[in-house]
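A structural walkthrough
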Amino acid sequence: MEKKLPKIEISEKLCKGCHICVEFCPKDVLEMKGFYASVKNLEACISCMQCELRCPDFAIKVITE
Amino acid sequence: MSKKVAFLQGNEAATYGALYAGCTFFAGYPITPSTEVAEIMSIELPKIGGKFIQMEDEIGAMAAILGASLTGAKVLDSTSGPGFSLKQELIGMGCISEIPCVVYNVMRGGPSTGMPTGPSQSDVMCAKWGTHGDHPAICLVPSTVQELFEEMVRAFNLSEKYRTPVFIMPDEIVAHMRERVVFPEPGEIPLIERTTPTVSPADYKPYDTSFGDVPPLAAFGSGYKFHVTSLNKAQDGFPTTKAELVQAEEERQVRKVEGNADDIIEFEEYQLDDAEVVVIAYGSTARSARYAVNVAREQGIKAGMFRLKTFWPFPYKQITAMAGKVKGFITPEMNLGMCFGEVERAAQGKVPVIGIFRVDGEPINPDQILDKIKGVK
Amino acid sequence: MAFDYEKWIRPGKLPHIWCPGCGHGIIMKGMIRAMESLKLKKENTVIVSGIGCASRLPGYIDCCTLHTAHGRAAAFATGVKLAKPEMDVIIVGGDGDGTAIGGNHFIHACRRNINLTYIIMNNNIYGMTGGQFSPCTPTGALASTTPYGNPDPGFDVAKLAIGAGATFVARGTSFHANQIDKLIAEAIQHKGFSVVEILDDCPTTYGRRNKFKSVIEMMNRLKDIAVPVKAAEKMTAEQLKGKVLTGVLYKDDTKPEYTVEYDKVIERAKAAK
């Protein structure tokens, strides 16, 4: 069965570059790209929602089916 | 049917005036010489389903009435000098956030703890300048127990009409004297209710000046969601530092009171038609002044009294108009020259202003005033 | 599925004013999830605050919101709640606002057991004014007004609340993000004065001065010091040294609630008329 990947939306308008999402992602899906957080490896995402939950700036949405 | 008549203390009459005006929420903190107001409110408010709360301090009481007012209630806090000083920051919030409320402040000796049971009139400047920043001030200074009742109703009316804190400040003598009070019938004194929004909740802005200088105020819990802040705000209620918005809002807040001074200012003209010497007095001091004027008249001196019922806004216009026609103004007051200074401003140097100042906890007696009346040549 | 925070946020109000890595946003999200889970009505919910970074929170939330003067939130909220007990009233603010300048209102609101929820966002510092020490700054810590180390002992906010008479007291941290909404929801549902202290980080004015290399280090500290109440039961005093208990610390459903008691005052007054 093929793994269903979520869509991770990161708003550059809202991201303040605090690194929290990158550091606390258990699967190393995110990285800092310049000032902003960005998706590096969506394949590894397990939709645990930690990044969305922890983002202090309402900048991340993890959209699952 | 004859009207209800009672022999009341000033503080009692003030409290019944507040209830007549529709006050349903009181918060306060015990302080001499105004505590009777809290005591009567604790008896009377629950009888009508209203709320009385004794708060942990004076500041808390002021906060509680502002919070309650935002739910649509007519609210009262009673205090005296030290408490009035403590409330000043939140009085400023009442002004900038435009929250109707009435603060009853019985003037006792000061500064600080001063003379808790002694009379004074030394808080009138605190009413205008006590809180920091530019803001409107409405301050009523009744002179009799009957007037305390009626002016308390007017205080609520002005507060609701202009959406701003109103102070009613008898001196300790007026607050504690007992006199005959004739209760007005319900409806005899018209009551003013705050303007509430006619627009839909989606279109509501708490400081929407398209409705004039006094924007409608919705109540929390009435279906309207809005923000109230102690910061300088824009018409939508949210904080702003935009220069032109802050300037406009600040000017409007002051203008809504100063620009309606003629509606707010009330005074009594006693024997003024041909008066050459005019005593300008307020509160209990005006009672001594009336006596002195009567004695002076008996002695052939053309004396009169201009009695302030509203201290702020100050009746500069009326006093300036008199200044060209009389030989002198006399300002007796239980402070070191607070009204005196304003009268000097209004007199514009056209006529001498003679002050009689007492801060010893004793009332100004008629002889003191009569002496000065005789001294005006 | 992504949580719909926008439903509760006023349009156009984000980004918020808080610094990168400040946990206040995490707490605000927890609060929103709590309000959503309880299906609170926006028009019937009042959020009250004082002054400070945390006190800017109400401006973002699409409810009836009241941003008052420094320290006075609990007293304003008491006025709102007593005047209209049918409304849900939540207080938010920081440690300095709530326990220093507002300390008297805080303890008396606890004592009255009036049905309010107070969320204290404790970041151990006055952030907005630039990092002066608060009553919750640890002894020895550096702040802009304790350049040689803080000589003051700090408050334990939860113990203070319990001692003063609050009937629901909980503690969480901004690291334990998925616990925040549950604690706040339980607090709101509690009939009485409820306090939720959320230990938080201020990377800008506290972290930098106190040798935290990053926001992450501050977050990890919260993770390390927190011990759930249940787990603590099995730990020795030695093991608990330097730790902070989290979860629901105190709950008492027997103490009468203030507005209910006042209704009885009204009944007695009417009967005596």
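Scroll up a little and you will see the structure.
These remarks concern the structure in this document. (Residues numbered from 1 in each chain as written. Chains lettered and ligands numbered in written order. Predicted model: local features only at pLDDT ≥ 70, side-chain atom pairs only at ≥ 80, totals over all residues. Heavy atoms only, no water.)

Section: a nonpolar patch on the surface
A cluster of nonpolar residues, B:Leu336, B:Phe357 and B:Val359, forms a patch on the protein surface that exposes about 300 Å² of accessible area. Within the element layout of this structure, B:Leu336 appears in the loop between β16 (328-333) and α12 (338-347). (Patch = residues over 30% accessible without salt bridge, like charges linked within 9 Å, V, L, I, M, F, W, Y side chains within 5 Å. Areas by Shrake-Rupley, 256 points an atom, 1.4 Å probe, with all protein chains shown as cover. Salt bridge = Lys/Arg side-chain N within 4 Å of Asp/Glu carboxyl O. Helix = DSSP H or I, 4+ residues; strand = E, 2+ residues; numbered from the N terminus.)

Side note on the environment of C:Pro15
Relative to the helices and strands, C:Pro15 resides in the segment before α1 (24-37). For the pair C:Pro15 and C:Gly154, spaced 139 residues apart in the sequence, the C-alpha separation amounts to 33 Å. Ignoring sequence-local partners within four residues, the contact set of C:Pro15 consists of A:Lys13, A:Leu14 and A:Lys16. (Contact = heavy atoms within 4.5 Å.)

A few points about the interface of chain C and chain B
Across the boundary between the two partners, chain C contributes 40 residues, which contact 40 residues of chain B. Three residues, C:His67, C:Phe76 and C:Tyr262, lead the burial of chain C against chain B; their summed loss comes to 16% of the area buried on that side. In this structure, the connection of chain C to chain B is made through two salt bridges. In this structure, B:Glu56 engages C:Arg112 in a salt bridge whose closest nitrogen and oxygen atoms are separated by 2.6 Å. There are 15 residue pairs in polar contact (both at pLDDT 80 or more) connecting chain C and chain B. Among the secondary structure elements, those contributing two or more residues to the side of chain C that touches chain B are β2 (64-67), α2 (73-83), α4 (103-112) and α11 (258-272) of chain C. When residues of the side of chain C that touches chain B are assigned to their parent elements, the largest contribution, seven residues, is made by α2(C). (Buried area = accessible area lost by both parts, 1.4 Å probe. Polar contact = N/O pair within 3.5 Å; in protein donor to acceptor, adjacent residues only side chain to side chain.)

Here's the deal with α4(C)
All names here are of chain C. Most of α4 sits out of view: seven of its 10 residues are buried. Taken residue by residue, α4 has Gly 103, His 105, Phe 106, His 108, Ala 109, Cys 110 and Arg 112 as its buried positions. With its phi angle positive at about 55°, Asn 113 sits one or two positions after the end of α4. (Buried < 20%, exposed > 50% of the residue type's maximum accessible area, 1.4 Å probe, protein only.)

As for the pattern of salt bridges
Residue and element names in this part refer to chain A. Applying the stated criterion to the full structure yields 41 salt bridges over all chains. With its nearest N and O atoms 3.3 Å apart, the salt bridge here joins Asp 57 to Lys 16. Within this pair, whereas Asp 57 is found in the loop between α2 (50-54) and β4 (60-63), its partner Lys 16 is found in the loop between β1 (7-10) and α1 (20-24), the two being separated by 41 residues in sequence. Of the residues examined, Lys 16 reaches a relative accessible area of 13% and is grouped as buried.

Brief notes about the interface of chain C and chain A
Each side of the interface is counted separately: chain C has 28 residues, and chain A has 20 residues. Considering only the surface of chain C that becomes buried against chain A, C:Met1, C:Lys29 and C:Ile216 emerge as the three largest contributors, covering 28% of it. The interface formed by chain C and chain A holds one salt bridge in total. The closest approach of N and O atoms between C:Glu6 and A:Lys61, which form a salt bridge, is 2.9 Å. Of all elements in the fold, only α1, α6 (177-189) and α8 (215-225) of chain C reach the threshold of two or more residues within the side of chain C that touches chain A. If one sorts the elements of the side of chain C that touches chain A by residue count, α1(C) sits on top with six residues. Taken together, the residues of the side of chain C that touches chain A break down into 20 nonpolar, five polar and three charged. (Nonpolar A, V, L, I, M, F, W, Y, C, P; charged D, E, K, R; others polar.)

Quick look at the sheet that holds strand β4 (residues 75-80) of chain B
All names here are of chain B. Taken together, the seven strands give an open sheet; going across it, the order is β3-β2-β4-β5-β9-β8-β15, and neighbouring strands pair in mixed fashion. In this open sheet, the two strands that pair with only one neighbour each are β3 (51-54) and β15 (310-312). With two bridges joining them, strand β2 (residues 25-28) and β4 adopt parallel strand pairing. Considered in β4, the bridge of Phe 25 is made with Val 75. (Pairing = 2+ DSSP bridges.)

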